[in-house]
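Now for the letters of each chain:
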Amino acid sequence: MPRSTVRGATPKAAERVSRPTRMRIDDVPEVTALEALLFRDAWSADSFLAEVERRPEIGHPFVVRADGDLIAYGVVWFIVDELHVGNVAVHPDHQGRGLGRRLMGYVLREGRRRGMASAMLEVRPSNTRARALYESLGFRQVGVRRNYYRDDREDALVLELDLDPSPEERS
Ligand SMILES: CC(C)(COP(=O)(O)OP(=O)(O)OC[C@H]1O[C@@H](n2cnc3c(N)ncnc32)[C@H](O)[C@@H]1OP(=O)(O)O)[C@@H](O)C(=O)NCCC(=O)NCCS
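Residues numbered from 1 in each chain as written. Predicted model: local features only at pLDDT ≥ 70, side-chain atom pairs only at ≥ 80, totals over all residues.

Asks: Looking at this structure, I do not really get the overall build of the chain. What am I missing?
Replies: Within the chain, the secondary structure is distributed over five helices and seven strands. Along the chain, helices (α) and strands (β) appear in the sequence β-α-α-β-β-β-α-β-α-β-β-α when read from the amino end. For the chain, the residues scored as buried account for 29% of the 171 residues in total. Partitioning the intrachain contacts of the chain with sequence separation of at least 6 by distance along the chain shows that 54% fall at a separation of at least 24. (Helix = DSSP H or I, 4+ residues; strand = E, 2+ residues; numbered from the N terminus. Buried ≥ 20, exposed ≤ 12 C-beta atoms within 10 Å, placed from the backbone. Contact = placed C-beta atoms within 7 Å.)

Asks: In this structure, what is going on with the site of the ligand? I would like to understand it.
Replies: Taken together, 19 residues sit near the ligand, with Q95, G100, R101, A132 and L133 positioned nearest. Sorting the residues of the shell around the ligand by element identifies β4 (82-90), α3 (99-113) and α4 (128-136) as the ones contributing at least two each. With six residues, α4 is the largest single contributor of residues to the shell around the ligand. Its residues placed into classes, the shell around the ligand shows nine nonpolar, seven polar and three charged. (Near = placed C-beta within 6 Å. Nonpolar A, V, L, I, M, F, W, Y, C, P; charged D, E, K, R; others polar.)

Asks: I keep staring at the pairing of strand β3 (residues 69-79) and nothing clicks. Help me out?
Replies: Side-chain positions along a regular strand alternate between the two faces of the sheet. In terms of strand pairing, strand β2 (residues 59-66) meets β3 through eight bridges, oriented antiparallel. Residue A66 lies in a different strand from β3, and its bridge partner there is D69. Between β2 and the antiparallel strand that follows it, β3, lie two residues; D67 among them carries a positive phi value of about 50°. Here β3 pairs with β4 via eight bridges, running antiparallel. Residue Y73 lies in a different strand from β4, and its bridge partner there is A89. Linking two consecutive strands that pair antiparallel, namely β3 and β4, is a turn of two residues; a positive phi of about 55° is found at V80 within it. (Pairing = 2+ DSSP bridges.)

Asks: How should I be thinking about the environment of L37 in this particular structure?
Replies: Along the chain, the position of L37 falls in helix α1 (residues 28-38). On a C-alpha basis, the gap between L37 and P92 in space is 8.8 Å, while along the polypeptide they are 55 residues apart.

Asks: What exactly am I supposed to notice about the sheet that holds strand β1 (residues 21-22) here?
Replies: Taken in spatial order, the seven strands line up as β1-β2-β3-β4-β5-β7-β6 in an open sheet, and their pairing is mixed. A strand with exactly one partner marks an edge of an open sheet, and here the two such strands are β1 and β6 (140-145). With four bridges joining them, β4 and strand β5 (residues 118-123) adopt parallel strand pairing. When the sheet's bridge partners are listed, V85 is paired in β5 with L121.

Asks: Can you walk me through the nonpolar core in this structure?
Replies: One recurring pattern in soluble globular proteins is that nonpolar side chains are buried together. Counting residues in hydrophobic clusters, the biggest one holds 36 residues, and the most contacted among them are V31, A72, Y73, V85, L103, V107 and A119. Secondary structure elements with two or more residues in this core: α1, β2, β3, β4, α3, β5 and β7 (156-162). Looking at this core element by element, the count peaks at six residues for α3. Sequence-distant contacts of V31, defined by excluding residues within four places in its chain, comprise M23, F48, V63, L70 and Y73. (Core = buried A, V, L, I, M, F, W, Y, C linked by C-beta atoms within 7 Å.)

Structure (structure tokens):
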């Protein structure tokens, strides 16, 4: 598959970062390993396989690779007119270099392109990095799900963003 540098990202010298591409069955072992590295309540391989098999108009799991290695992935769902961000995750070696922000931009553009009116997600109150990212994109808190996370019963903050069409999509 041809690779190209993600627009505006700052990869390490000579590193080739792919555009987000739809997750395939062959990606699932690496995605599951990265998920286990990042989350205590990690999704199983079966959960990711179910996402891969989901109809494209309902769900869009995606991956990003650099020089062939998996460096990020995400899962989003299109539920009526709402984009639901199930997960966005960046490998620790690649965090803090703008990739998460660019992936969220990709996800929100994809939602607008499909006519979604809003985007929503859940985030741990303790996940200050992710919260800072979402809040800087305009997400606002609309609720709390008590004892949401299975491993430690931490609450989830429910964040929402209106997806007004961007100017170029309006014309
Ligand atoms: C959350 C995550 C996706 C962000 O991706 P990233 O590539 O590290 O983030 P970016 O480099 O694009 O930074 C985006 C914003 O995050 C915030 N951020 C990044 N690093 C931060 C840090 N060390 N401390 C606090 N905020 C930070 C900032 O608001 C930053 O905005 P800026 O670009 O204006 O500085 C990534 O850290 C990650 O995968 N974390 C583990 C998995 C996870 O928690 N996923 C979200 C589940 S809801």
